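So you can see what is in the structure, the chains are spelled out below.
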Amino acid sequence: MDRAEFDQPVQTLAPALLGALLVRQPDQPGQPRRIARIVETEAYHQSEPACHAHRGRTRANAGLFGPPGHAYVYFTYGMHFCLNASCGDGATAAGVLFRAAQIIEGQDLARQRRPAARRNADLARGPARLTAALDVGQAFNGADLCDPAGLLHLARDDQPHRPERIAAGPRTGVRLAWQTPWRFYLKDCAEVSPYRRHPKASR
DNA sequence: GATTTGATTCTCT
DNA sequence: GAGAATCAAATCC
């Protein structure tokens, strides 16, 4: 995918990435390629309190400050990784969280990585499930998602979704600014994760 | 230095 | 619907 696409406001980029393909190249001989079609995203921006970079740049969140089109991978709840794509001007922190996807190639390998998944739709139905299915860990933090030669990159689908299938709503599981409708997903998609309000969400 | 919390998932009820 | 698993980073004292 062209890096210029990442040079737009995060709330515009997040819905634009729906239907895009996340391509995971094999890192061992004989391993198949895995492709995930993005069906759910969330936008985060430095200006709002739900963003990891809201309180300024740290070593952990440096990936959100660009350059655009790179991976920001963070570790949470003691056991899970989540994958973002950085965007913006490189000075302001912003990113798109990949929350769910359809595995359209390499399902067998994804199943090995997600033994708990009962259905194919559960393989990447959730941000940490997605990274597990594709073997994306901290090592991918900072990876260039616009480089087709890399282990992980974004590509455009030949047959993109129709625009009217996009829906928006509040972001899942965030405590602060949870009402900001920056979660985008494809309607009627079995792979979209269920909405859960944070137990301590205020207001 | 100690404590709290989280952009979660799984299992059991 | 509730509770556990599990740890890095942020926050507090």
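Residues numbered from 1 in each chain as written. Chains lettered and ligands numbered in written order. Predicted model: local features only at pLDDT ≥ 70, side-chain atom pairs only at ≥ 80, totals over all residues. Heavy atoms only, no water.

### Side note on the pattern of salt bridges
This is how it is decided: A side-chain nitrogen of Lys or Arg and a carboxyl oxygen of Asp or Glu constitute a salt bridge if their distance falls within 4 Å. Only runs of H or I of at least four residues qualify as helices and only runs of E of at least two qualify as strands under DSSP, and these elements are numbered from the N terminus. Burial status follows relative accessibility: with a 1.4 Å probe on protein chains alone, a residue under 20% of its type maximum counts as buried, one over 50% as exposed, and anything between as partly exposed.
Scanning all chains against the criterion turns up 12 salt bridges. The partner of E40 in a salt bridge is R183, and the shortest N-O contact between them spans 2.7 Å. Separated by 143 residues along the polypeptide, E40 in strand 2 (residues 34-45) and R183 in strand 8 (residues 183-186) bring together distant segments of the chain. The exposure class of E40 is buried, given its relative accessible area of 0%. The class of R183 is buried, set by a relative accessible area of 5%. As a salt-bridge pair, E48 and R171 come within 2.9 Å of each other at their nearest N and O atoms. Here the residue E48 occupies a position in the loop between strand 2 and strand 3 (71-76), and R171 occupies one in the loop between strand 7 (166-169) and strand 8, the gap between them amounting to 123 residues. Assigned by exposure class, E48 and R171 land together as buried. One network of salt bridges, with partners in common, ties together E40, E42, R99 and R183.

### Concerning the environment of R24
Note the threshold: What makes two residues a contact is simply this: any of their non-hydrogen atoms within 4.5 Å. In protein, a polar contact means a hydrogen-donor-capable atom and an acceptor-capable atom, both N or O and within 3.5 Å, with residues adjacent in sequence counting only if both atoms are side-chain atoms; elsewhere, any N or O pair within 3.5 Å suffices.
Position of R24 relative to the elements: it lies in strand 1 (residues 21-24). Classification of R24 by relative accessible area gives buried; the value is 1%. C-alpha of R24 to C-alpha of A117: the two residues are 93 residues apart in sequence and 19 Å apart in space. Those residues in contact with R24 that lie beyond four places of it in its chain are R33, R34, L134, D135, F140, L151 and L152. Reaching out from R24, the side chain makes a polar contact with the backbone oxygen of D135 at a distance of 3.1 Å.

### A word on the protein's contact with DNA strand C
Cut-off, in case you're wondering: Throughout this document, a residue counts as near a molecule or strand when at least one of its heavy atoms sits within 4 Å of that molecule or strand. Under the scheme applied, nonpolar residues are Ala, Val, Leu, Ile, Met, Phe, Trp, Tyr, Cys and Pro; charged residues are Asp, Glu, Lys and Arg; polar residues are all the others, including Gly.
All residues adjacent to DNA strand C are R55, T58, A60, F75, Y77, G78 and M79. One nitrogen or oxygen atom from the side chain of R55 is found 2.6 Å from a phosphate oxygen belonging to DNA strand C. In this structure, Y77 approaches DNA strand C through a main-chain N or O atom, which is 2.7 Å from a base oxygen. When grouped by side-chain class, the residues that make up the surface near DNA strand C number four nonpolar, two polar and one charged.

### Here we look at the protein's contact with DNA strand B
The full set close to DNA strand B counts 22 residues, and Y74, N84, R114, R129 and R175 are the nearest of them. Within 4 Å of the protein, atoms of DNA strand B come from sugar and phosphate in 52% of cases. Y44 places a side-chain nitrogen or oxygen 3.3 Å from a sugar or linking oxygen of DNA strand B. Interatomic distance of 3.1 Å between a side-chain N/O atom of Y74 and a base nitrogen of DNA strand B. At the level of secondary structure, the elements contributing two or more residues to the surface near DNA strand B comprise strand 3, strand 4 (80-86), strand 5 (94-105) and helix 3 (127-133).

### Observations regarding the side chain of Q102
Relative to the helices and strands, Q102 is located in strand 5. Separated by 3.5 Å, the side chains of Q102 and E191 make a polar contact.

### Some details on the environment of A110
Summarising the element assignment, A110 is placed in helix 2 (residues 107-113). Aside from chain neighbours lying at most four places away, what touches A110 is R34, I103, L123 and A133.

### Things to note about the packing of aromatic side chains
As a reminder, the rule being used: Working definition: a ring pair exists when centres of Phe, Tyr or Trp rings (six-membered ring for Trp) sit within 6.5 Å. Plane angles under 30 degrees give stacked, over 60 give edge-to-face, the rest tilted. The criterion is that NZ of a Lys, or CZ of an Arg, lies within 6 Å of the ring centre and within 35 degrees of the ring normal, and then a charge sits over that ring.
In this structure the tally under the stated criterion is two aromatic pairs. Ring centres of F75 and F81 lie 5.1 Å apart, and the angle between their planes is 45 degrees; this geometry places the pair in the tilted category. By relative accessible area, F81 is classed as partly exposed at 24%. Across from the ring centre of W178, 4.5 Å away, lies the NZ or CZ of R197, which sits over that ring.

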